[in-house]
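Letter by letter, the chains look like this.
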Amino acid sequence: MADTPESPNTGSSPWVGSTGFPAHPTSPVGGGGPGNFVTGNRITGAPGNDDSAVPHPLSPTGRHLLLVQNHVDALDEVGVALDTNVPVSGSTKPNPPPKTKVETITGASRSGTYEEIKVTVKVVADGVDSSAGSRAYLKVSVSNKDAVTPPIMETEEKDESQRTVTSFAKQVGAKIVKDPTGKNKFTPTVTLQIMYGPSVSTSDRSAYGRGTTDADIKNNDTSIGFHEHCHLQAAIAYFKDSSKLPAAFTSKFGEKTSVFEAAQSTWGKSFEEYFKDEEKASLQTVDEVGSPTLSSYLIDHPGHKHHA
């Protein structure tokens, strides 16, 4: 995606004529309105707007011009953007985005008498989503997503409402024996992959969020590839952080079965929010920063479908 200057650029505005003074874009001195013109008004902001290879879009020659890549590069070089909601860096091209490192990472973990948690993170090579068009996003896929709460053994008493949990257990033949692996378990594998639509390049400008902050622009890290790499790193950091895990299991052996089973149910459901919280965190740290933020970008692009 292209972007716009942080401050007005005379060549980028259809309200600035060939002399550099304000004029209606359809007037003779504006964007190529009624009258005879030797050359079309130009868009790049040079004095007179007449010495660029790219004519103003309202000029006679520019009105029907199909922009090709060298036109886009020429505009970008002088700070003229094709999207009026994205600040330019002032550089011809953004830095190449960091290369995706394919790896398997040991994520968050916790172990105790009643629970065993181990998150595995896999980063795979960038891919192409044929349905994404000009969008890019971080795809988060999870296997073994659900927490597992094993069967429990209960003592036999006359009043079933007073039955108590004695231990995690399994049945072997006709006997009930303690299962040494019998804990509440959460052992997901999270696969992370940056996806690009067929009409987007890693070097295209980021439209919002990371890639548009003051620091990013200063460092020339303004590409979509950089933006998605920020999403990738944010996801890795989240899934490695054990403090992001839901609260520990709250019940204990010896309590009533109903209490223990309710605790198991609550514990298992808490991991549904675990994944939702990652998406929210990534949204805040990667998309809702810079100028524009995603929220402000959506105001001017209501049809835009955001996917982290």
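Residues numbered from 1 in each chain as written. Predicted model: local features only at pLDDT ≥ 70, side-chain atom pairs only at ≥ 80, totals over all residues. Heavy atoms only, no water.

(A) Representation of the packing of helix H3 (residues 224-240) against helix H4 (residues 257-287) within the structure. Viewed as axis vectors pointing N to C, H3 and H4 meet at an angle of 140°, and their least axial separation amounts to 9 Å. Viewed along their axes, H3 and H4 adopt a mutual orientation that is oblique. As for the relative orientation of H3 and H4, their crossing is right-handed in sense. Residues His227, Cys230, His231, Ala234, Ala235, Tyr238 and Phe239 of H3 form the contact with H4, whose participating residues are Tyr274, Phe275, Asp277, Glu278, Ser282, Thr285, Val286 and Asp287. (Axes fitted to C-alpha atoms, helices over the stretch in contact; angles between N-to-C directions. Helix = DSSP H or I, 4+ residues; strand = E, 2+ residues; numbered from the N terminus. Parallel < 35°, antiparallel > 145°, perpendicular 65-115°, else oblique. Left-handed = near helix turned anticlockwise from the far one by under 90°. Contact = heavy atoms within 4.5 Å.)

(B) A look at the pattern of salt bridges. Under the definition given, this model contains five salt bridges. Residue Lys101 pairs with Glu103 through a salt bridge whose shortest N-O separation is 3.9 Å. Look at Lys101 and you get exposed, because its relative accessible area is 56%. Overall, Glu103 belongs to the partly exposed group, its relative accessible area being 27%. (Salt bridge = Lys/Arg side-chain N within 4 Å of Asp/Glu carboxyl O. Buried < 20%, exposed > 50% of the residue type's maximum accessible area, 1.4 Å probe, protein only.)

(C) Expanded view of H4. Here H4 is 31 residues long and its end C-alpha atoms lie 45 Å apart, about the 45 Å a rise of 1.5 Å per residue gives. Of the positions making up H4, those classed as buried are Thr257, Phe260, Ala263, Gln264, Trp267, Phe271, Tyr274, Phe275, Glu278, Ser282, Val286 and Asp287. (Expected span 1.5 Å × (residues − 1).)

(D) Inspection of the side chain of Asp221 at higher detail. Among the secondary structure elements, Asp221 is positioned in the loop between helix H2 (214-219) and H3. As a buried residue without a salt bridge, Asp221 has its nearest oppositely charged side chain in Arg210, at a separation of 6.4 Å. Filtering out sequence-adjacent residues up to four positions away, Asp221 remains in contact with Asn95, Gly211, Asp216 and Phe226. (Lys, Arg positive; Asp, Glu negative; His and termini not counted.)

(E) Examining the environment of Met195 more closely. Checked against the element boundaries, Met195 lands in strand E9 (residues 189-196). In this structure Met195 comes out as buried when scored by relative accessible area, which is 7%. Distance from Met195 to Asp126, taken between C-alpha atoms, is 5.8 Å for residues 69 residues apart in sequence. Not counting residues within four places of it along the chain, the set of residues in contact with Met195 comprises Gly127, Val128, Asp129, Arg135, Ala136, Tyr137 and Lys139.

(F) Seen up close, the side chain of Ser251. Along the chain, Ser251 falls in the loop between H3 and H4. Taking relative accessible area as the criterion, Ser251 reaches 6% and is therefore assigned buried.

(G) A look at the confidence of the model for the chain. Looking at the chain, pLDDT values average 75 and 58% of them are 70 or higher. For the chain, the element scoring lowest by mean pLDDT is strand E7 (residues 175-178), at 53; strand E1 (residues 103-111) scores highest, at 98. In the model, residues 1-21 has pLDDT below 50 throughout and makes 76 contacts with residues more than four positions away in sequence or in other chains. Predicted confidence is poor over residues 23-53, with pLDDT under 50, and the contacts of this stretch with residues over four places away or in other chains come to 85 contacts. (pLDDT = per-residue confidence, 0-100.)

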